[in-house]
Amino acid sequence: MLTRKQLDDAARCCKNEMDEENRGCICDLQEVCGGVPAICVEKAAEAALAFRDMLERLEWIEIPYIGTSCLVCGNLKRMGHADDCALGKLLGEE
């Protein structure tokens, strides 16, 4: 799993920031990607999917006597997320 700093580095790398000799990426993920931008993309995508899976498991919480509600906006699950719910937007399927 990549750390927040490593994900930030991978995001910069994925913008094709290359060294002056255009040999490969210049991020701090050399031990993970070996300087190959495509591997940075793959590792970042794997981490993003793992984080998404965790958020999906935490999205709805059971509140005694009230029901299941969103961790962020507080709407009941049967009502769905509020229009401005950041978690609902992040996990939305389009």
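Residues numbered from 1 in each chain as written. Predicted model: local features only at pLDDT ≥ 70, side-chain atom pairs only at ≥ 80, totals over all residues. Heavy atoms only, no water.

*Asks:* Sorry if this is basic, but what is going on with the overall build of the chain here?
*Replies:* When you go through the chain residue by residue, the secondary structure sums to four helices and two strands. Taken from N to C terminus, the helices and strands of the chain fall in the order α-α-α-β-β-α. Here the analysis covers contacts within the chain between residues at least 6 apart in sequence; of these, 32% occur between residues at least 24 apart. For the chain, the exposed surface amounts to about 6,700 Å²; the carbon and sulfur share of it is 55%. (Helix = DSSP H or I, 4+ residues; strand = E, 2+ residues; numbered from the N terminus. Contact = heavy atoms within 4.5 Å. Areas by Shrake-Rupley, 256 points an atom, 1.4 Å probe, with all protein chains shown as cover.)

*Asks:* Would you take a moment to explain the pattern of salt bridges for this structure?
*Replies:* Applying the stated criterion across every chain, the model contains one salt bridge. We note a salt bridge from E56 to R52, for which the minimum N-O separation is 3.1 Å. Placement of both E56 and R52 in helix α3 (residues 37-58) is noted, with a separation of four residues, approximately one turn of the helix. Using a relative accessible area of 22% as the deciding quantity, one classes R52 as partly exposed. (Salt bridge = Lys/Arg side-chain N within 4 Å of Asp/Glu carboxyl O. Buried < 20%, exposed > 50% of the residue type's maximum accessible area, 1.4 Å probe, protein only.)

*Asks:* Please clarify how the pairing of strand β1 (residues 60-63) should be interpreted in this entry.
*Replies:* Consecutive residues of a regular strand have side chains that alternate between opposite faces of the sheet. The pairing of β1 with strand β2 (residues 67-70) spans four bridges and is antiparallel. Looking at β2, one finds that I63 is bridged to G67. Where β1 hands over to β2, the hairpin turn is made up of three residues, of which Y65 adopts a positive phi near 65°. (Pairing = 2+ DSSP bridges.)

*Asks:* Which parts of the structure should I look at to understand the nonpolar core?
*Replies:* Within soluble globular proteins, side chains that are nonpolar tend to cluster in buried spots. Counting five residues, the largest nonpolar core is built from W60, C70, C85, L87 and L91. Residues contacting L87, with those up to four places away along its chain left out, are L55, E59, C70 and V72. (Core = buried A, V, L, I, M, F, W, Y, C linked by side-chain atoms within 4.5 Å.)

*Asks:* Looking at this structure, I do not really get the confidence of the model for the chain. What am I missing?
*Replies:* Summing up the model confidence of the chain, the mean pLDDT is 76 and the portion of residues at 70 or higher is 59%. Mean pLDDT across the secondary structure elements of the chain bottoms out at helix α2 (residues 30-33), with 62, and peaks at β2, with 94. (pLDDT = per-residue confidence, 0-100.)

*Asks:* Please explain unusual backbone geometry as it appears in this structure.
*Replies:* Leaving glycine out, the prevailing phi sign among residues is negative, and the prevailing peptide bond configuration is trans. Look at Y65: it is not a glycine, yet its phi comes out positive at around 65°. By the secondary structure assignment, Y65 is in the loop between β1 and β2. We classify Y65 as exposed; its relative accessible area is 89%.

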